[in-house]
Amino acid sequence: QVQLVESGGGLVQAGGSLRLSCAASGRTFSSYRMSWFRQAPGKEREFVAAISGSGGSTYYADSVKGRFTISRDNAKNTVYLKMNSLKPEDTAVYYCAAAKTIVAVYNPDYWGQGTQVTVSS
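Residues numbered from 1 in each chain as written. Predicted model: local features only at pLDDT ≥ 70, side-chain atom pairs only at ≥ 80, totals over all residues. Heavy atoms only, no water.

Participant: Hey, could you go over the sheet that holds strand β1 (residues 4-7) for me, with residue numbers and the actual values?
Facilitator: In a beta sheet, neighbouring strands are held together by backbone hydrogen bonds and run either parallel or antiparallel to one another. Here four strands make up an open sheet; going across it, the order is β1-β3-β8-β7 and the pairing antiparallel. Where the open sheet ends on each side, the last strands, each with one partner, are β1 and β7 (68-73). Neighbour to neighbour, the strand axes of the sheet diverge by 15° on average, direction disregarded. Strand direction decides the pairing type here: β7 and strand β8 (residues 78-83), joined by six bridges, are antiparallel. Note on β8: the bridge partner recorded for Arg72 is Val79. (Pairing = 2+ DSSP bridges. Helix = DSSP H or I, 4+ residues; strand = E, 2+ residues; numbered from the N terminus. Axes fitted to C-alpha atoms, helices over the stretch in contact; angles between N-to-C directions.)

In structure tokens, the structure reads:
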């Protein structure tokens, strides 16, 4: 069982940066594949980025490649999403998620409550 709590969202100008954090409970954090999803107003939730348990492999949606970086610190039970060169279309609620297996990465087993990111032009 994993509980996830996101933080770091807010309002930023286009071209600016934010770093989101996701604090996880549990003793086996490193065994979970972690990911970030987002949901914009009136849109379906979409995949943003994922990272393997060790942090050795990362995956990104085409829309954020080169701008966003996912990372994790297993000693702190925390996963991060560094967002650079933000665009208004990045505006969404961002959700942290945990998956027990690689198959579940796109349909995670656990979700955080979400944090709002708003990018103004």
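Following the structure, the description resumes.
Participant: Before we move on, could you go through the pairing of β1 and cite the residues and values that matter?
Facilitator: Covered by surrounding structure in β1 are Leu4 and Glu6 only, the residues Val5 and Ser7 on the alternate face being uncovered. As defined by bridge partners, β1 adjoins strand β3 (residues 18-24) across four bridges and the pair is classed as antiparallel. Counterpart to Leu4 in the pairing with β3 is Ala24. (Buried < 20%, exposed > 50% of the residue type's maximum accessible area, 1.4 Å probe, protein only.)

Participant: Report on the environment of Thr91, specifying residues and quantitative values.
Facilitator: Checked against the element boundaries, Thr91 lands in the loop between β8 and β9 (92-99). Spatially, the C-alpha atom of Thr91 lies 7.8 Å from that of Gln116, the residues being 25 residues apart in sequence. Dropping the residues within four chain positions of it, Thr91 is found in contact with Ala40, Pro41, Gln116, Val117, Thr118 and Val119. Of the polar contacts made by the side chain of Thr91, one reaches the backbone oxygen of Pro88; its length is 2.9 Å. Reaching out from Thr91, the side chain makes a polar contact with the backbone nitrogen of Val119 at a distance of 2.9 Å. (Contact = heavy atoms within 4.5 Å. Polar contact = N/O pair within 3.5 Å; in protein donor to acceptor, adjacent residues only side chain to side chain.)

Participant: Outline the state of the cysteines, supporting the account with residue identities and numerical values.
Facilitator: Under the criterion given, the structure shown has one disulfide. Between the sulfur of Cys22 and that of Cys96 lies a disulfide, 2.1 Å long from S to S. When the S-S torsion is -80°, as for the bridge of Cys22 with Cys96, the disulfide is left-handed. With a gap of 74 residues between them, Cys22 in strand β3 and Cys96 in strand β9 connect regions that are remote in the sequence. For Cys22, a relative accessible area of 0% translates into the label buried. Judged by its relative accessible area of 0%, Cys96 is buried. (Disulfide = S-S within 2.5 Å.)

Participant: Give me the lowdown on the nonpolar core, citing residues and values where you can.
Facilitator: Ranked by internal contacts, the top residues of the largest apolar core, which has 37 residues, are Leu4, Met34, Trp36, Val79, Leu81, Met83 and Tyr94. Mapped onto this core, the elements with two or more residues apiece are β3, β4 (33-39), β5 (46-51), β7, β8, β9 and β11 (115-120). Element by element, the count of residues in this core is highest for β9, at six residues. When neighbours within four sequence positions are excluded, Leu81 is seen to be in contact with Leu18, Arg19, Leu20, Trp36, Val48, Ala49, Phe68, Thr69, Ile70 and Tyr94. (Core = buried A, V, L, I, M, F, W, Y, C linked by side-chain atoms within 4.5 Å.)

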